[in-house]
2 protein chains.
Amino acid sequence: MSKPINDSTYWRDFERNDITHSAAHYLMAIDALRDEYGYARVTDVAEMLEVSRGAASMSISQLKKRGWVTEDAHRFLLLTEDGRCMAQLVEQNFRILGKFFEEVLGVSPDTALSDACKMEHLMSLETGRRLVWLMRYILSDESRAAKIHDVMACFRPGCESAEHCPLCEGGQCLTAPEGDCEFHRRHQRKPGGVNS
Amino acid sequence: MSKPINDSTYWRDFERNDITHSAAHYLMAIDALRDEYGYARVTDVAEMLEVSRGAASMSISQLKKRGWVTEDAHRFLLLTEDGRCMAQLVEQNFRILGKFFEEVLGVSPDTALSDACKMEHLMSLETGRRLVWLMRYILSDESRAAKIHDVMACFRPGCESAEHCPLCEGGQCLTAPEGDCEFHRRHQRKPGGVNS
DNA sequence: AACATAAGTTCATCATGATGAACAAAGAGA
DNA sequence: TCTCTTTGTTCATCATGATGAACTTATGTT
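Residues numbered from 1 in each chain as written. Chains lettered and ligands numbered in written order. Predicted model: local features only at pLDDT ≥ 70, side-chain atom pairs only at ≥ 80, totals over all residues. Heavy atoms only, no water.

### Focus: the overall build of chain A
- Scanning chain A from terminus to terminus reveals nine helices and two strands.
- Listed by position from the N terminus, the elements making up chain A come as α-α-α-α-β-β-α-α-α-α-α.
- For chain A, the proportion of its 196 residues judged to be buried stands at 55%.
- Considering only contacts within chain A whose residues lie at least 6 apart along the sequence, 50% involve residues at least 24 apart. (Helix = DSSP H or I, 4+ residues; strand = E, 2+ residues; numbered from the N terminus. Buried < 20%, exposed > 50% of the residue type's maximum accessible area, 1.4 Å probe, protein only. Contact = heavy atoms within 4.5 Å.)

### Concerning helix α5 (residues 81-104) of chain B
- The end-to-end C-alpha distance of α5 of chain B is 33 Å, a good match for the 34 Å that 24 residues give at a rise of 1.5 Å each.
- Immediately downstream of α5 of chain B, the backbone of G106 of chain B shows phi near 75°, a positive value. (Expected span 1.5 Å × (residues − 1).)

### Quick look at the protein's contact with DNA strand C
- Around DNA strand C, the surrounding shell holds 17 residues, and the nearest of these are R41, R53 and S57 of chain A together with T20 and S52 of chain B.
- Per the 4 Å cut-off to the protein, sugar and phosphate atoms form 59% of the nearby atoms of DNA strand C.
- Here a phosphate oxygen of DNA strand C and a backbone polar atom of S52 of chain B are 2.8 Å apart.
- S59 of chain B is positioned such that a nitrogen or oxygen atom in its side chain is 3.3 Å from a phosphate oxygen of DNA strand C.
- Contributions of two or more residues to the surface near DNA strand C are made by α3 (42-49) and α4 (53-65) of chain A together with α2 (21-37) and α4 (53-65) of chain B.
- With four residues, the top contributor of residues to the surface near DNA strand C is α4 of chain A.
- For the surface near DNA strand C, the per-class residue count stands at seven nonpolar, seven polar and three charged. (Near = heavy atom within 4 Å. Polar contact = N/O pair within 3.5 Å; in protein donor to acceptor, adjacent residues only side chain to side chain. Nonpolar A, V, L, I, M, F, W, Y, C, P; charged D, E, K, R; others polar.)

As structure tokens, then:
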């Protein structure tokens, strides 16, 4: 935790990310449609994502330019090798994060899925793989899993900052003293927390 | 894991998020500058974030409209109560995620910080608090922490999918068979994984 | 062949968040 | 006071990702 949070070498990484949230979902929609129906057309993608045909058409033509999407012999949309790998990386991240939030942290399903969906395209391969490794360790042993579930079942909003926090460093606590301000209380009631 | 990944009730949550990545960093910059120098001006924020003064001016005026930023008696920028809470929520999320990635998962510091910075404004309050709770459990006991560190030290890229994965469900494995495709091998070498 | 429907593209428009240039206003020094 | 610098705002411009309307191009059907 050396560099400051606003260090420009980090904070601009967000916009330099390999794939946008939107692009990831176009790729995954094509993948899902081919799995389910055997083919994917611009209109099918638009329908699945509930965007206009125009938006789907323009986004998909960008994905073609980036080499992630082509057409098969019947002119149906097809992911390239790179496109499929990218789609599967994001899908894996979604499953990993969703499962971790829901089954390890005990987050409510709605919030777990919403959080996972927002973060899916931003988690690096390394972090995702290590998270799987940790979950395998935690969940592969029955008594260990049960213990974690017991611990997480004891969680109540605010309780994580009730006692002296062993995670504090340099005077900054992971759970800031403002954790129970009016603003947080308001947002806490809404599923999704940060979401409106 | 009931709803499909492309369900529009979820996939559009990303753009409906309470705060954008950029807005979060403007708030945190104002907070940090006031902590460090006692005041924050548009120019200082622009300098810290390495954006143009024009960009900072326009973004900050949006934050004023949203009620997150005002000016103090000396016309210096000031976070409102809501603005400070929002900034601290994002900062907490950054510290929580960064610490989790680095100290629990054993992710390399660069990747851990980059991932945490990208995801900081997207993790809900509930998920963040529960993650703190889990980390307190894991790290508060020496032998438990040591065991986790041992387990994570054994991690090698790809090893998480080497044996039968106990996390599989509905035929879909968290670690897809394509986890070791050419595409992933290429990206694995770059710090940040998904990043370019 | 003619017409209707479906599929796909393009265009004007909007919002966000950036740039750099032009401009206005406030302070500091000779 | 006059001038120069700093500070802050506004503007034209760009890129992305969306909308809806208009348009073109199949693909059927009678």
